[in-house]
Amino acid sequence: MTAGESFVKAIKPIGCVMFLLLFVLFLVFCFSAKPPLEDYERPNTNEYYSEHIDELEQELETNMLPLLDGIEDCRIENGKVVIVIDSESFDSASAIIYRYYSKDLIDIQNSEK
């Protein structure tokens, strides 16, 4: 008896049905996920913004950061855009920003109040 056969025998037919339903739900969830900001599209590539960091700051301040909670400051410092986010929104907001833009261009800091 193989490992798969022993697994099916151990969980019985009802367990098999539940396992298959969970697998189908997992696939539906994975392939139907929406982007975190539905109303936002990045207008240029990371390569473009690496040469035009001031335009990246302007794009973030004008179009992306107003859609996020907890943003306290956005400025250019040492060739990067520095974004300060409050501690309550830090994890979610930074994950969304890094989904659209490279970590080489942006430094995200926690305000730690």
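Quick note: structure is the one above.
Here is a short report on the structure shown in this document. (Residues numbered from 1 in each chain as written. Predicted model: local features only at pLDDT ≥ 70, side-chain atom pairs only at ≥ 80, totals over all residues. Heavy atoms only, no water.)

Points about the pairing of strand β3 (residues 106-110)
Test applied: Strands are treated as partners if at least two bridges between them are detected by DSSP. Helix and strand assignments come from DSSP, with helices taken as H or I runs of at least 4 residues and strands as E runs of at least 2, each series counted from the N terminus. Note on handedness: a crossover is taken as right-handed if, strands pointing away from the viewer, the path from the first strand over the helix to the second is clockwise.
Both strand β2 (residues 80-85) and β3 contribute to a ladder of five bridges, which runs parallel. Considered in β3, the bridge of I83 is made with I108. In this view, the connection linking β2 to its parallel neighbour β3 by way of helix α4 (residues 90-100) has right-handed handedness.

Digging into a nonpolar patch on the surface
Rules: Nonpolar side chains (Val, Leu, Ile, Met, Phe, Trp, Tyr) within 5 Å and like charges within 9 Å form the patches, drawn only from residues with over 30% relative accessible area and no salt bridge. Areas reported here follow the Shrake-Rupley algorithm with a probe of radius 1.4 Å; residue values treat only the protein chains shown as occluding. Take a side-chain nitrogen of Lys or Arg and a carboxyl oxygen of Asp or Glu: if they are within 4 Å of each other, that pair is a salt bridge. Under the scheme applied here, a residue whose accessible area is under 20% of the maximum for its type counts as buried, over 50% as exposed, and between as partly exposed, the area being computed with a 1.4 Å probe on protein chains only.
There is a patch of nonpolar side chains on the surface, built from F23, V24, F26, L27, V28 and F31 and spanning about 620 Å² of accessible area. The residue V24 is located in helix α1 (residues 3-31) in this model. Judged by relative accessible area, which is 45%, V24 ranks as partly exposed.

A word on the packing of aromatic side chains
Note the following rule: Two rings belonging to Phe, Tyr or Trp (six-membered ring only in the last case) form a pair when the distance between their centres is within 6.5 Å. Interplanar angles under 30 degrees mark stacking, angles over 60 mark edge-to-face geometry, and anything in between is tilted. Remark: a charge is flagged as sitting over a ring if the NZ atom of Lys or the CZ atom of Arg is within 6 Å of the ring centre and within 35 degrees of the ring normal.
Tallying each qualifying case throughout the model produces three aromatic pairs. Seen from their ring centres, Y40 and Y100 are 5.3 Å apart, and the 90° between their planes marks the pair as edge-to-face. In this pair, Y40 is assigned in the loop between α1 and α2 (46-51) and Y100 in helix α4, connecting sequence segments 60 residues apart. Ring geometry for Y49 versus Y101: centroids 5.8 Å apart, planes at 65°, classification edge-to-face. With a gap of 52 residues between them, Y49 in helix α2 and Y101 in the loop between α4 and β3 connect regions that are remote in the sequence. Each member of the pair, Y49 as well as Y101, is classed as buried. Put simply, the rings of Y48, Y49 and Y101 touch in pairs and so form one group of aromatic residues. Taking the ring centre of Y101 as reference, the NZ or CZ of R42 above it sits at 6.0 Å. We note K103 situated over the ring of Y98; from NZ or CZ to the ring centre the distance is 5.2 Å.

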